[in-house]
Amino acid sequence: MAGYLITKWKRRLALFTGTLVLAGSIAGCGKQGTSGNAGDGVTGSPDRGAWVEKEVPLKGIPEGVTLKQLYTADDKVHLLTAAEGDGGFSLQEWELREDTFTEVTADWLADFVIPGESWADISLMRDGNGVQYLFYDLVDSEVGSYRGHLWRGSGAEAREITPEKWTVVNEEYGGYENINGIAALNNGSLVASSWISADRIYGEDGSVLDSVPVTSYYDGKMVTDGENVYLCSAGMNGNMEGVEKWAGGNKNDATMIPFGKSSTFSPLFCALPDGTLISADDDGIFRCEAGTEDWKKLLSGLDTSFSLSSTWCTNLTALQDGRIYALFREEGGISKLLMYEYDPEAVPVVSTVLKLYTVEENTLIQNAAAMYHKENPEILIEVEYAYSREDKYSGDTLDYNTVQQQINTMLMGSEAPDILVLDHLNKDSYLEKGLLADLQEIIAPMEQNGELLSNIMGAYHTEDGKQYIVPMQFGFTLAMGRDISVQDMASMETLGAFLSSKSENYMGERTISELVDLFYPYFCGSMVANKELDREALSGYLESLKQIAGNSGLIEQRDKNERDYNLWDLAYKAKFEMEMNAGFYDSMFPLAIADYIKSDFTAFENTFVPYVEMAVSSKSENQEIAKDFLVFCLSEKVQGKDLYTGFPVNAACLENQAEIDRSDYAAESAIEIGEGAQEIFQIGAYPAETAQKLVALCKSLDRPIKEDMKIREVLIEVLPPYLQGQQSLEETLDMIEGGLKMYLAE
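Residues numbered from 1 in each chain as written. Predicted model: local features only at pLDDT ≥ 70, side-chain atom pairs only at ≥ 80, totals over all residues. Heavy atoms only, no water.

Caption draft 1: Local environment of the overall build of the protein. Broken down by element type, the protein carries 17 helices and 38 strands. Relative to a compact globule of 746 residues, whose C-alpha radius of gyration would be 27 Å, the protein shows 28 Å and is just as compact. Expressed along its principal axes, the backbone C-alpha trace of the protein runs to roughly 85 × 70 × 45 Å. In the protein, which comprises 746 residues, the proportion classed as buried is 53%. Within the structure as shown, the protein displays about 32200 Å² of accessible surface, and the carbon and sulfur contribution to it stands at 46%. (Helix = DSSP H or I, 4+ residues; strand = E, 2+ residues; numbered from the N terminus. Rg over C-alpha atoms; globule rule 2.2 N^0.38 Å. Buried < 20%, exposed > 50% of the residue type's maximum accessible area, 1.4 Å probe, protein only. Areas by Shrake-Rupley, 256 points an atom, 1.4 Å probe, with all protein chains shown as cover.)

Caption draft 2: How the structure looks around the pattern of salt bridges. Counted under the stated rule, the structure contains 37 salt bridges. Note that Arg558 and Glu562 form a salt bridge whose closest N and O atoms lie 3.4 Å from each other. For Arg558, a relative accessible area of 18% puts it in the buried group. The class of Glu562 is partly exposed, set by a relative accessible area of 36%. Across the pair Arg563 and Asp569 runs a salt bridge, and its minimum N-O distance is 2.7 Å. Taking the relative accessible area as the measure of exposure, Asp569 reaches 4% and is therefore buried. (Salt bridge = Lys/Arg side-chain N within 4 Å of Asp/Glu carboxyl O.)

Caption draft 3: Geometry of the confidence of the model for the protein. Here the protein shows a mean pLDDT of 89. Residues at 70 or above account for 92%. Long-range and interchain partners of residues 1–45, a stretch whose pLDDT sits below 50, account for 146 contacts in this model, where long-range means more than four residues apart. (pLDDT = per-residue confidence, 0-100. Contact = heavy atoms within 4.5 Å.)

Caption draft 4: Summary view of the nonpolar core. Grouped together as the largest cluster of nonpolar side chains are 138 residues, with contacts concentrated most on Phe519, Met614, Phe629, Leu630 and Ile736. Residue contacts for Leu630: discarding those within four places in its chain leaves Ile419, Leu439, Ile442, Val470, Met472, Met614 and Val616. (Core = buried A, V, L, I, M, F, W, Y, C linked by side-chain atoms within 4.5 Å.)

Caption draft 5: How the structure looks around the sheet that holds strand S14 (residues 208–213). Spatial strand order, S11-S12-S13-S14: 4 strands in an open sheet with antiparallel pairing. Each end of this open sheet is capped by a strand with a single partner; those strands are strand S11 (179–184) and S14. In this sheet, adjacent strand axes meet at a mean angle of 15 degrees when their direction is disregarded. Strand direction decides the pairing type here: strand S13 (residues 197–202) and S14, joined by 5 bridges, are antiparallel. (Pairing = 2+ DSSP bridges. Axes fitted to C-alpha atoms, helices over the stretch in contact; angles between N-to-C directions.)

Caption draft 6: Seen up close, the packing of aromatic side chains. Considering all chains together, one arrives at 27 aromatic pairs under this definition. Seen from their ring centres, Phe306 and Phe328 are 4.8 Å apart, and the 65 degrees between their planes marks the pair as edge-to-face. Of this pair, Phe306 sits in the loop between strand S22 (295–300) and strand S23 (311–318) while Phe328 is found in strand S24 (residues 324–330), placing the two residues 22 residues apart along the sequence. By relative accessible area, which is 1% here, Phe306 ends up buried. Relative accessible area serves as the criterion here: at 0%, Phe328 is assigned to the buried category. Consider the rings of Phe584 and Phe647, whose centres lie 5.1 Å apart with planes at 85 degrees: the pair is edge-to-face. Separated by 63 residues along the polypeptide, Phe584 in the loop between strand S32 (576–581) and helix H11 (588–596) and Phe647 in strand S35 (residues 647–648) bring together distant segments of the chain. (Phe/Tyr/Trp six-rings, centres within 6.5 Å; stacked < 30°, edge-to-face > 60°.)

Caption draft 7: Quick look at helix H8 (residues 492–499). All of the buried residues in H8 are Met492, Leu495, Gly496, Phe498 and Leu499. The buried residues of H8 occupy an angular sector of 165 degrees when the element is viewed end-on, so they sit on one face. (Arc of directions from axis to C-beta.)

Caption draft 8: Region of the structure containing the environment of Ser491. You can see Ser491 is positioned in the loop between strand S29 (470–481) and H8. Under the relative-accessibility criterion, Ser491 is labelled buried at 16%. When the C-alpha positions of Ser491 and Thr100 are compared, they lie 62 Å apart, and in sequence the two are 391 residues distant. What Ser491 contacts, discounting residues up to four positions off in sequence, is Phe604 and Glu605.

Caption draft 9: Main features of the sheet that holds S22. Ordered by their spatial adjacency, 4 strands build an open sheet running S19-S20-S21-S22, and the pairing between neighbours is antiparallel. Only two strands of the sheet have a single partner each, and these edge strands are strand S19 (268–271) and S22. On average, each strand axis in the sheet is inclined to that of its neighbour by 20 degrees, with strand direction left out of account. As paired strands, strand S20 (residues 277–281) and strand S21 (residues 284–288) are joined by 5 bridges and run antiparallel to one another. Bridged to Ile278 within S21 is Arg287.

Caption draft 10: Broad picture of the environment of Ala82. With respect to the helices and strands, the residue Ala82 is situated in strand S3 (residues 76–85). The exposure class assigned to Ala82 is buried, which follows from its relative accessible area of 1%. Considering only alpha carbons, one finds Ala82 and Lys68, 14 residues apart in sequence, at a separation of 6.6 Å. When sequence neighbours within four positions are dropped, the list of residues in contact with Ala82 reads Val65, Thr66, Lys68, Phe89, Ser90, Leu91, Gln92 and Ser118.

Caption draft 11: Just the environment of Glu659, in detail. Checked against the element boundaries, Glu659 lands in the loop between helix H14 (651–658) and strand S36 (667–674). Residues Glu659 and Ala529, 130 residues apart in the sequence, show an inter-C-alpha distance of 41 Å.

Caption draft 12: Local environment of a nonpolar patch on the surface. Taken together, the side chains of Tyr173, Trp195, Ile196 and Tyr217 present a nonpolar region at the surface, about 430 Å² in accessible area. Under the relative-accessibility criterion, Ile196 is labelled partly exposed at 33%. (Patch = residues over 30% accessible without salt bridge, like charges linked within 9 Å, V, L, I, M, F, W, Y side chains within 5 Å.)

Pasting the structure below:
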């Protein structure tokens, strides 16, 4: 199937693995940034005592190595590092002794070389007798699949004990069994799970003691307390529901420890020898005592690095004295080790809490709120949202109208938030009612000195010279195609004129609603002026839309399993497509398609899609702090990271992100090329000149696209006879005007 990734990413084209987990608390959802219990039964004086985050210096660890794994052995913190060398990479084991890491690499491991690159998946384990086991997977280039390898090491001796079933290609899937979780038990056996089976393995020779089919989905690493193993388990919808405990490593003896809610992403977690579980995610750090289902929050996510999307946690471990350790990695391969402990003398310092409301959970906002709190401990930005990431991608229809009504009630009452993210909300109504504070005093200086993109900010200037809304990011639509010039695909007018002269179908058949959804956002904001329909402006767009429809061909509806063309089809069926892109990393796929078909590209209609449009409530008693937070959100500290959520409005960050080396990011996929044939399609870094063209396009965009559900509804209802040549343009304009008259007058 076209679009199916057939190999692992060299490096993942996303920052969210392992950090964006469990929206809302484990016990409930809907709010972020609320403080939890001190936890663990430890208390200080009534006005003192809190869990704190501290960085642990990597003293003793040599420079140039990669930190691969964090774990405990004999209740001591251990790190596993990898060093590149000739023919592969070697591993070194380190133990934290007081404040210094001391090398404790076993003899068998000291001379062990893995014939691959150090980004390979690795797990070093130990049983109750001190015998070590090493798992790693490497790609078999002949098969095009990763294959797991298992070694046993004791003293100076190492021998491979890879189970035979791991070395056999699965005929149904065309690859080796993909091991996604493995742990060693105290009794000398190992437990491994894949997409198809859960196996108990004899640690002496790798023979499979028993194998149980896997019918559930598990995400994240397998952890053990020495006697049992634990995995994050998902329900039928793919959402994480809790930790599944396999007593004695036996999947047939499994019980569930529920989180209290489902989540698309699994948290990082670890187990203490008595079965107590520690879980950590962007909502905070939690502890579940052995034998219970009660997850107690130790520390809010906003007080930890788990809430920062610019870093992601790779390992979590804990000591029996209550201390918790987490290994984080940042872009560029930088690693840091953090420790969490209860400090009975710590004094909570939050004196001011601001409420920020956003319709949808947002990565940039949560990241900014956490960073701002770290720099201003006395101020907490409490983020609330109506829909989580899981809601957004669940496939369910999101009811923005109901949310709009709820926000209206909040704004008119005493519970008005201090800061609003206006995406999916009726911005014009808030402006008309005077519910937003003027931001010109903070935005104008940043725009005038070139700190912010003036072409984006200029779209938000009001006629009286004020500015009430500021977007944090933006995207735009890339237009590309075969046998079509940049000029011909730059706008609806030029595209319509070009397609009207072509007999060959460029976009594939479309329904009326598909055509409206694809094109009306580019003229929705231009067809209304002063609460009246601008017939002249709309006429030009409708004439172009009719030309486009004439080339595509109209169908009444699609079959259940049929879809319209998309970028994948440009390889052999489609000849023109548009794709929204939200940043330099997000552009890698569409630009790879453009390179594959030898197409140039442009920004369609020179428009942009604003993301995270922020405003300050005129009712807020903390307007100055709220405005300071907005300035912080516009700074390089927040705008500097490409989070796959949009291009930055900060001009320096735009230039800096364009220059990032993306050569380590790659993927490949099978793509259909016609007559049932496929070939391998490479997705990789684009040249520096292409990145600079993206920058130039970003700086040329001059107006935001707009969507309006009422306008969309009327267009879909009125346009069919016009697009089919059965109704004149004037009649169509009259009907649109009649359908919108009362709505526009409101």
